[in-house]
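Understanding the architecture of this molecule
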Amino acid sequence: CIPKSEHGNVDLWTSRHLPRGCAHIKLDLVGSVCRKLKVDFAPALVGFDWKKGRSVPRFEGVVVLENDRDAVEEACRDAIEKRDRETALRERSEALKRWKQLLRVVVVREKVKRKYGGALNQELSYEQAKKAHHRGQALLRAERSEEEIQRAVEQWTTKPHKHEFQERKSKSGRKSKFCRICGIEVEFEEL
């Protein structure tokens, strides 16, 4: 049995304060591994730090019985390795998601650039740019495969279509008709 203080830890100011028959282990995840193995342990209090004007205890590792030392260290190394593998896998998955999103944006931008001549082209009307932007955003919001995105982009950028005009009043007060497919707008006056 490990001799513990009234707070449930072992005061380990120096290596000489280590109780007989016990071992001090400073590996990551050692506390949770000891709980899983149901091994008797106590957090090692190695000193105090000053934070925000008050003294705060500093713990470093745990104290276990010498007989349990090898099993706990081996289980800790396995747990650390498993955590690192899971972290790497999660980071890789997130990176792949970001790459996929980036590629979608690039595909949509290239299609829009081919259709309208690029963002620097002054012939591109505000309505056309706004329409292309909204189409691209809607395409990105939908969880679609690259083939579906490409098909949808080609449908409204390269295929000829019959204009479907809707009437509305323009900002200048004149009546206008605009095609909801390609965004072209025609102003007219009634006679």
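Residues numbered from 1 in each chain as written. Predicted model: local features only at pLDDT ≥ 70, side-chain atom pairs only at ≥ 80, totals over all residues. Heavy atoms only, no water.

Secondary structure assignment for the protein yields four helices and seven strands. Start at the N end of the protein and walk to the C end: the helices and strands fall as β-β-α-β-β-α-α-α-β-β-β. For the protein, with 191 residues in total, the buried portion stands at 26%. For the protein, the share of sequence-separated contacts (at least 6 apart) that also reach a separation of at least 24 residues comes to 53%. With an accessible surface of roughly 14400 Å², the protein has 50% of that area assigned to carbon and sulfur atoms. (Helix = DSSP H or I, 4+ residues; strand = E, 2+ residues; numbered from the N terminus. Buried < 20%, exposed > 50% of the residue type's maximum accessible area, 1.4 Å probe, protein only. Contact = heavy atoms within 4.5 Å. Areas by Shrake-Rupley, 256 points an atom, 1.4 Å probe, with all protein chains shown as cover.)

A few words now on the sheet that holds strand β4 (residues 54-65). Pairing between sheet strands relies on hydrogen bonds along the backbone, with the strands arranged either parallel or antiparallel. The four strands lie next to each other as β1-β3-β4-β2, forming an open sheet whose pairing is mixed. At either end of the open sheet lies a strand with only one pairing partner, and these are β1 (10-11) and β2 (22-25). Here two bridges tie β1 to strand β3 (residues 41-51), and the two strands are oriented parallel to one another. The residue of β3 that forms the bridge with aspartate 11 is leucine 45. Each of β2, β3 and β4 touches helix α1 (residues 30-37); the most contacted strand, β4, lies at about 45° to it. (Pairing = 2+ DSSP bridges. Axes fitted to C-alpha atoms, helices over the stretch in contact; angles between N-to-C directions.)

Glancing now at the nonpolar core. If you look at the biggest cluster of nonpolar residues, it comprises 10 residues: Ile25, Val30, Val33, Cys34, Val39, Phe41, Val62, Val64, Val72 and Cys76. For this core, the secondary structure elements donating two or more residues are α1, β4 and α2 (69-116). Among the elements that take part in this core, α1 stands out by supplying three residues, more than any other. Beyond its immediate sequence surroundings of up to four residues, isoleucine 25 is in contact with Val30, Gly61, Val62, Val64, Arg69, Val72 and Glu73. Judged by nonpolar contacts, the second largest core, of seven residues, contains Leu12, Cys22, Ala42 and Ala44. (Core = buried A, V, L, I, M, F, W, Y, C linked by side-chain atoms within 4.5 Å.)

The next thing to look at is the side chain of asparagine 9. Tracing the backbone shows asparagine 9 in the segment before β1. At 2.6 Å, the side chain of asparagine 9 and the side chain of serine 5 are in polar contact. Not counting chain neighbours up to four residues away, the residues in contact with asparagine 9 comprise Lys4, Ala42, Pro43, Leu45 and Phe59. (Polar contact = N/O pair within 3.5 Å; in protein donor to acceptor, adjacent residues only side chain to side chain.)

Three or more residues of α1 are buried, namely Val30, Gly31, Val33 and Cys34. Down the axis of α1, the buried side of the element spans an arc of 165°, and every buried residue falls inside it. Residues of α1 that are exposed and point more than 90 degrees away from the buried face comprise Arg35 and Lys36. (Arc of directions from axis to C-beta.)

With that out of the way, let us pick up the pattern of salt bridges. Throughout the structure, instances matching the rule amount to eight salt bridges. Note that aspartate 28 is salt-bridged to arginine 83, the shortest N-O span being 3.7 Å. Of the two residues, aspartate 28 is situated in the loop between β2 and α1 and arginine 83 in helix α2; the sequence distance between them amounts to 55 residues. On the basis of relative accessibility, which here comes to 46%, the residue aspartate 28 falls in the partly exposed class. What makes arginine 83 partly exposed here is its relative accessible area of 31%. Close ionic contact of glutamate 73 with arginine 69 constitutes a salt bridge, the shortest N to O distance being 3.2 Å. With glutamate 73 and arginine 69 both in helix α2 and four residues apart, the pair spans about one turn of that helix. Since its relative accessible area comes to 27%, arginine 69 is described here as partly exposed. (Salt bridge = Lys/Arg side-chain N within 4 Å of Asp/Glu carboxyl O.)

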